[in-house]
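# Per-entry structural report
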Amino acid sequence: MGIIELEHINVDFPQKKGKTVRAVHDVSLNVEKGDIYGIVGFSGAGKSTLVRTINLLQKPTAGNIKVDGKDFIKDGKQVISNKDLQLARRKIGMIFQNFNLLNETTVLENVAFALKHSKLSDEELEKKSLELLDLVDLKDKANFYPVELSGGQQQRVAIARALANEPDILISDEATSALDPQNTQQILDLLKKLNKKLGLTVILITHEMDAVKKIATKVAVMENGQVIENGNLKQVFLHPKKELTKRFVGGSLEAISTLSSLSLGKLGPDEAVYQLVYSVANVTKSIIVELYRETGAEASMLYGNVELLNDEPIGTLVVSVKGDPEKQKQAREFLEKQDVTLTRLDEKGNLYD
Ligand SMILES: Nc1ncnc2c1ncn2[C@@H]1O[C@H](COP(=O)(O)OP(=O)(O)OP(=O)(O)O)[C@@H](O)[C@H]1O
């Protein structure tokens, strides 16, 4: 049993003249307790609308929703009372791209605000808020105002506030999108720490595959309101089935920027660029050397990197293979037989089509 079970969810928005927009279309997802579940897709894919159904900030038009064993929606109808929903929502924290902090109050008061419904005394409230700030390493900023903090620090305050009611689930909606790479890394590290330390289940909505690669255990790719591919991160990353997923996986920002800085110019008919993604543990021999030995085709390396995908080393190589059409064919056949995910790229690092 998953902590979040979504079955056949539709979300329709009525438009003028009786038309409707289907923002979420027949989505089923099962999130297990302790998952860091990445949901990726371009802007407008339906990510936010989908996750807002989890706590019924957005009511679905059809489908079933069950959270922590409790039915929220059955056949598109709310079956949880509003009072129970209010309590259940406290166990689902949310953080957003723009932090949503109260700028006229201190960091400490921002966190304490989330506990205003509790019966804690002022003293207990302050103690608990300081503990939460300690958890995100910001105890020393308790009396600062949000504007006096960096973006990354403001997001950490938002995380402390989201944790005030000891939620089981934290929904992060593009929480790192407005941050620079260093602050992004800090927030991702913090989410992973909270996942490990508190057993927090995290839903990570993002348009950046790089964020998902760093911490997610599972991933769902959305397009036009639908989940087009989902599963274990490594499985999806190493064996993407859909073109869009390949684009996200292959769209390693670093590889693309390296390729564009090389300014290769239009590729000739005797040249092809390939991206190879593989598990370092499985591929021990040099594919480039073997390629030459087997086919006589020469490959030069344009980009190479090893990164940790959820703590497992994954290699990415971008190579340019030169040779006449017959050699190209042999080279491609050889590469396809290897234990790698092969994607052909154009001179700018985009998918070749
Ligand atoms: N309240 C609404 N009324 C009408 N259409 C809406 C509404 N909310 C969202 N949509 C539409 O639903 C689709 C999905 O939007 P959604 O915000 O969920 O996408 P997203 O993947 O989260 O993108 P982004 O990252 O840009 O928010 C879009 O086409 C959007 O225009």
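Here, every reference points to the structure presented above.
Residues numbered from 1 in each chain as written. Predicted model: local features only at pLDDT ≥ 70, side-chain atom pairs only at ≥ 80, totals over all residues. Heavy atoms only, no water.

## Focus: the overall build of the protein
Of regular secondary structure, the protein possesses 12 helices and 15 strands. Dimensions of the protein along its principal axes, counting C-alpha atoms only, are 75 × 50 × 40 Å. Burial analysis of the protein (353 residues in total) assigns 50% to the buried set. Considering only contacts in the protein between residues 6 or more positions apart, those separated by 24 or more positions represent 67%. Side chains of the protein carry 46 positive and 49 negative charges; the gap between the two charge centres is 5 Å. (Helix = DSSP H or I, 4+ residues; strand = E, 2+ residues; numbered from the N terminus. Buried < 20%, exposed > 50% of the residue type's maximum accessible area, 1.4 Å probe, protein only. Contact = heavy atoms within 4.5 Å. Lys, Arg positive; Asp, Glu negative; His and termini not counted. Charge placed at Lys NZ, Arg CZ, Asp CG, Glu CD.)

## Brief notes about the environment of Asn-183
For Asn-183, the position within the fold is in helix 6 (residues 181-198). According to the relative accessible area criterion, Asn-183 is buried, its value standing at 16%. In this structure the C-alpha to C-alpha distance between Asn-183 and Gly-151, which are 32 residues apart in sequence, comes to 7.6 Å. Aside from chain neighbours lying at most four places away, what touches Asn-183 is Ser-150 and Gly-152.

## Notes on the sheet that holds strand 1 (residues 4-14)
Here 5 strands make up an open sheet; going across it, the order is 2-1-4-5-6 and the pairing antiparallel. At either margin of the open sheet sits one strand with a lone partner, and together these are strand 2 (20-31) and strand 6 (77-78). Both strand 1 and strand 4 (residues 62-67) contribute to a ladder of 5 bridges, which runs antiparallel. Across the sheet, the residue bridging to Ile-4 is Val-67, located in strand 4. (Pairing = 2+ DSSP bridges.)

## Some details on the nonpolar core
Core analysis: the largest hydrophobic core is formed by 55 residues, its most contacted members being Ile-95, Leu-133, Ile-159, Leu-191, Val-212 and Phe-237. Residue assignment places this core across two domains, with domain 1 (4-15 + 22-239) and domain 2 (250-345) each supplying three or more. Excluding residues within four positions of it along the chain, Ile-159 makes contact with Ile-95, Val-136, Ile-187, Leu-190, Leu-191 and Leu-194. Among the nonpolar cores identified, the runner-up in size contains 31 residues, and Ile-3, Ile-39, Leu-56 and Ile-169 belong to it. (Core = buried A, V, L, I, M, F, W, Y, C linked by side-chain atoms within 4.5 Å. Domains from an automatic or database assignment.)

## What to know about the sheet that holds strand 14 (residues 312-322)
Strand order across the open sheet formed by 4 strands is 13-14-12-15, with antiparallel pairing between neighbours. Edge positions in the open sheet fall to strand 13 (298-309) and strand 15 (341-345), since each of these has one partner strand only. This sheet shows a mean twist of 20° between the axes of neighbouring strands, independent of strand direction. Here 11 bridges tie strand 13 to strand 14, and the two strands are oriented antiparallel to one another. The residue bridging Glu-307 from the neighbouring strand is Ile-314, located in strand 14. Lying over the sheet, helix 11 (residues 287-295) contacts strand 12 (271-279), strand 13 and strand 14, oriented at roughly 150° with respect to strand 13. Along the sheet, helix 12 (residues 325-337) makes contact with strand 12, strand 14 and strand 15, crossing strand 12 at roughly 10°. (Axes fitted to C-alpha atoms, helices over the stretch in contact; angles between N-to-C directions.)

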